[in-house]
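Observations on the three-dimensional arrangement
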Amino acid sequence: MTDTTRPPVPPFTRESAIEKVRLAEDAWNSRDPQKVSLGYTADSRWRNRSEFATGREEIVALLKRKWNTEHEYRLIKELWAYDGNRIAVRFAYEHRDDAGNWYRSYGNENWEFDEHGLMHTRHASINTLPIDESERQYFWPLGRRPDDHPSLSDLGF
């Protein structure tokens, strides 16, 4: 692997698409904007809710803003579909705000990768709902989700 290659690379199989989704989930659960940005091309284009970002520098800035307000962020991603160099995922994450209010955000992402396995296009549609603390489902220590934690489908999300 070089600095510009992020296996698995397209064309994706079911197994390699599932692996790519889990690697992305792991990176996002690190809450390290710089680390996350390395999975994207230098000129990657994002649509994240109503915000648009182009390039790693803007991605890092977007993620810093995001994680400065979304505390105790925990995310689960799940493969929805794949074809060639594209992957579609669905996801849900939980977080709390500065006032201690809890939220669960649900969404779908469409990803397109270059030949080196770097994502050059990301379209994310996300809806956020308030939840009671008693409704939380994600309790693992901050960081990577344990392999034995229920999936989105297992949780009925």
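Described in the following lines is the structure provided in the data block. Since this is a predicted model, take the numbers as computed values, not measurements.

**Brief notes about the pairing of strand β4 (residues 86-96)**
For β4, a buried count of 9 out of 11 residues is recorded, marking the element as mostly surrounded by other parts of the structure. In this structure, strand β3 (residues 71-83) lies alongside β4, joined through 10 bridges in antiparallel fashion. By the bridge assignment, H71 is partnered in β4 with R96. Linking β3 back to β4 in an antiparallel pair, the connection comprises 2 residues, with G84 at a positive phi of about 60 degrees. Pairing analysis gives 11 bridges linking β4 to strand β5 (residues 102-113), with the strands arranged antiparallel. Considered in β5, the bridge of F91 is made with G107. Counting the residues that bridge the hairpin from β4 to β5 gives 5 residues, and of these G100 lies at a positive phi of roughly 90 degrees.

**Some words on the sheet that holds strand β2 (residues 51-54)**
Taken in spatial order, the 6 strands of this open sheet run β2-β1-β6-β5-β4-β3, and their pairing is mixed. Two strands lie at the open edges of the sheet, namely β2 and β3, each paired on one side alone. Averaged over neighbouring strand pairs, the angle between their axes works out to 20 degrees when direction is ignored. Where β5 and strand β6 (residues 119-131) come together, 12 bridges link them in antiparallel fashion. Across the sheet, the residue bridging to W102 is I131, located in β6. Across the sheet, helix α1 (residues 14-30) is in contact with β1 (40-48), β3, β4, β5 and β6; its angle to β3 comes to roughly 165 degrees.

What counts and what doesn't
- The numbers attached to residues start from 1 for each chain and follow its sequence in the written order.
- Whole-chain, interface and lining totals are the exception, using all residues; otherwise, since this is a predicted model, local features are given only for residues with pLDDT of at least 70 and side-chain atom pairs are given and counted only at 80 or more.
- By convention in this description, side-chain values take in all heavy atoms of the structure and omit both hydrogens and water.
- For every residue, the accessible area (1.4 Å probe, protein chains only) is compared with the maximum for its type, and the residue is labelled buried under 20%, exposed over 50%, or partly exposed between those bounds.
- Here a strand is any run of E in DSSP of at least two residues, a helix any run of H or I of at least four, and the numbering for each starts at the N terminus.
- We call two strands paired when DSSP finds no fewer than two bridges between them.
- In this analysis an axis means a line fitted to C-alpha atoms, helices contributing only their contacting stretch, and an angle means the value between N-to-C directions, from 0 to 180 degrees.
- Contacts: residue pairs with any heavy atoms within 4.5 Å of one another.

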